[in-house]
Every structure is written in structure tokens, then in C-alpha cells.
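Geometric and topological summary
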Amino acid sequence: MGRKIKGSKHHGAKDPNKQRENREEKLKVKVNNRPKHDDEQEMPKRLMQLMQHEQHMMQHKQQKKQQKSMNKGDNKGLLDSSKYITKQERLPGMTRPLRPVPVFRQKQGESKKSFYYRMHQTIQGMKKQREYESEFKVELQRDQMGNTKVVEAEPDELEEIVDSHKKKKLAKKGIVLKSKEEKRQLRREREKKRKARQKRGGTNKQPADAKDFDDFEDKQVFGDTVHAPPSLNFKMRNMEEKMAGKASSLLLAQKLNNKQGGGGGVVKKAKKEHLSMAKKAMLEKERQRVVEAYRALKADKISF
């Protein structure tokens, strides 16, 4: 009689549905497993791997051909930055796509000094572009023709948190910060009002409560009866009343006023007569005499 082999112990009855699910889970990756959808047939995994290997081989051959063509003939010995570019890794938490790294190739007949200077100028231009974008929160995009297009940059999560914290802090003090779009709308409204005032012939400096012609429009109700034409509630002043009290600049008007005894004309100041040196000396002597007489008179009044 042979030795008895112990089997696995069954503690209680197992759920058959659960056993079936576990069995199907094991068979999911098997080749002979039936397709998930009857109308669709998935590509086998082995075939996908073969296609990927073939694609990698083709890329590797193309890179080798490019390197050979670069090293052949006149291009041999020229500097090329594409040889040292590595694959850019996307770190966790990166939401924006990475910008392409520029490729620098030395031209035929270009010295190393001029090539390095060209690289330096290009990098400095990229730095200035980045400073401009960060200052005004925009993004400069270039198409294949070289045309530049300014697009609003996507909001940064960290900047949004800082701005919201700043708004809450200023709101406690009673200061309300407006967004760029709100400021732009207010600017457009002010510009529209300014152009409307210019069309009407007014100046830019007008009171804020100045009413437009549309503000005096009457709204009629359907079925309203009109018994009389509208009446004006202001008086028309004559031209004589408007011009009353104003100085006339017309020569004919001045002569007419002088004949009638009126003084409505412009009174011109008489020019000072040009005096000789002798006459000036006589006037100065007379002035000194009058001053001395006035001082003597004041002295006599004080003594009494």
C-alpha cells in the first residue's frame, strides 16, 4: 500500500462565482482567449512587438545615414549641436509641453568664433523673449513662414494661488483688484465715449454727468393719443442780448459807438512819450523838490 499524499484543506464551501472570476482573470492574457468584443479582433501582442522592433530598426538606419552624409566631403569637421542633444525627460507634475531645443550647425566657411557668436546671439534673444513673456503673461508662437503670433499664456497653478491669496488680503482692506479682461472692457468703453464726444464736436474734457441726446428720448406707449405738438420749455435769446456787455472788435462799431456817445469800444492805452535827457533831469529835480516839501510839512505837524 502506497504512501498517502495530503491534499489542500478546504475550510468551508467556496463561492463558485468568485472562483470563475479568478479563473477568467488568469486566462485574460492567454493567446487562445476569446476576444472581448465579437465584432472586433484585437491585434496580437507578439505582432505589435515585431512592428515596434521594425520601426526602431528603421529609425536607427536613418540616423546612421544622416551621420554618414554629415561626415562625408565638405561637412566633415563642422560643428553640430544635434550630436549632443539628449532626449528630454518629462518629470512628474509637468503640465506644459517642453519647448524644442534649437539646433546649431556650423556653415561652410564660417569660423568657430563667428559660429559661437551666432549661438550666443540666438540664446540671448531667447532669454529676452522669455522675460517679455513672463512680464506680460503672453506666449510668442512662430509659424513655418516665420510670422510671430502673440497668444495669452496658460495660467500657472502656483501664480493663481498667490494671486487669490493677494486678492483676499486686499479685500479685507476694501481694495478690489480687477482682472485684465475687466480693465480692457473699461478702457474700450472710455474710448467709445471719447470718440462719440469728438463726433458731436465737443471737447474731451466734459463733466461725468453730461447727458447724451439719447437720454432725452420719449418713450411712447401703444395706443397713446397726441393732442398737441411738443412745446419748448426754454427761451430763445436774441443776438443783441448775447452780444450785450461784450467788447466789439470791429472798427465800424467803435466809430458808431463814439458818435452816439457810447463807450462799448476797446480803449487803447496811450503810448509813453519819449523824453530827452534834459527833460528827464528837470523832472527828477522837480520830484525831489516836492518830496522835500512834503517831508517838511510832516515835520511841522509832528512838532506842533
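Please refer to the structure higher up on the page.
In short, a report on the structure.

What counts and how
- Residues numbered from 1 in each chain as written.
- Predicted model: local features only at pLDDT ≥ 70, side-chain atom pairs only at ≥ 80, totals over all residues.
- Heavy atoms only, no water.
- Buried < 20%, exposed > 50% of the residue type's maximum accessible area, 1.4 Å probe, protein only.
- Helix = DSSP H or I, 4+ residues; strand = E, 2+ residues; numbered from the N terminus.
- Pairing = 2+ DSSP bridges.
- Contact = heavy atoms within 4.5 Å.
- Patch = residues over 30% accessible without salt bridge, like charges linked within 9 Å, V, L, I, M, F, W, Y side chains within 5 Å.
- Areas by Shrake-Rupley, 256 points an atom, 1.4 Å probe, with all protein chains shown as cover.
- Salt bridge = Lys/Arg side-chain N within 4 Å of Asp/Glu carboxyl O.
- Lys, Arg positive; Asp, Glu negative; His and termini not counted.
- Charge placed at Lys NZ, Arg CZ, Asp CG, Glu CD.
- Phe/Tyr/Trp six-rings, centres within 6.5 Å; stacked < 30°, edge-to-face > 60°.
- 1 Å grid on protein atoms, 1.4 Å probe; cavity = no way out; pocket = protein on both sides within 12 Å on 5 of 7 lines; lining within 4 Å.
- Points joined across faces, edges and corners; volume = space filled by probe spheres on them.
- Nonpolar A, V, L, I, M, F, W, Y, C, P; charged D, E, K, R; others polar.

What follows covers the pairing of strand E2 (residues 148-152). For E2, the buried fraction is low: 0 of the 5 residues fall into the buried class. Pairing geometry for strand E1 (residues 138-142) and E2, over 5 bridges, is antiparallel. From the neighbouring strand, Glu139 faces E2, where its bridge partner is Val151.

Here Gln129 is to be found in helix H3 (residues 112-136). Discounting chain neighbours no more than four positions away, the residues touching Gln129 are Arg99, Leu140 and Arg142.

Let us look at a negative patch on the surface. Together, Asp156, Glu157, Glu159, Glu160 and Asp163 give the surface a local cluster of negative charge. Within the fold, Asp163 resides in helix H4 (residues 157-172).

As a further point, take a positive patch on the surface. The grouping of Lys178, Lys183, Arg187, Arg188 and Arg190 at the surface amounts to a positive patch. Following the sequence through the fold, Arg187 ends up in helix H5 (residues 180-200). Using a relative accessible area of 48% as the deciding quantity, one classes Arg187 as partly exposed.

Further remarks concern the pattern of salt bridges. A full pass over the atoms with the stated rule returns 6 salt bridges. Where Arg118 meets Glu110, a salt bridge forms, and the shortest distance between an N and an O atom there is 3.1 Å. Relative accessible area serves as the criterion here: at 16%, Glu110 is assigned to the buried category. Among the ionic pairs, Arg194 bridges to Glu191, the shortest N-O distance being 2.4 Å. Here Glu191 and Arg194 lie together in helix H5, a separation of 3 residues that amounts to about one turn. What makes Arg194 partly exposed here is its relative accessible area of 27%.

Evaluation of the coordinates by the stated rule reveals 2 aromatic pairs. Considering the side-chain rings of Phe115 and Tyr116, the 5.9 Å spacing of their centres and the 45° angle between planes classify their relative orientation as tilted. Measuring from centroid to centroid gives 4.9 Å for Tyr132 and Phe136, while their planes differ by 50°, and the two rings are tilted. Of this pair, Tyr132 and Phe136 both sit in helix H3, 4 residues apart, which is roughly one turn of the helix.

A few words now on a nonpolar patch on the surface. On the surface, Met43, Leu47, Met48, Leu50 and Met51 cluster together into a nonpolar patch covering about 460 Å² of accessible area. Its location among the elements puts Leu50 in helix H2 (residues 45-71).

As a further point, take the layout of surface pockets. Taking a probe equal in size to a water molecule and rolling it over the atoms shows the remaining empty space. Space inside the largest pocket adds up to approximately 1,600 Å³. What lines the largest pocket is a set of 39 residues, among which Glu133, Lys137, Val138, Ala153 and Glu154 lie closest to the centre. Of all the elements in the fold, those that place two or more residues in the lining of the largest pocket are H3, E1, H4 and H5. Top element by residues in the lining of the largest pocket is H3. It accounts for 8 residues. When its residues are assigned to classes, the lining of the largest pocket shows 13 nonpolar, 4 polar and 22 charged.

Here Val29 lies in the loop between helix H1 (16-27) and H2. Using a relative accessible area of 66% as the deciding quantity, one classes Val29 as exposed. Taking C-alpha positions, Val29 is 9.7 Å from Lys45, a pair spaced 16 residues apart along the chain.

These results come straight from atomic positions and should not be treated as a statement about function.
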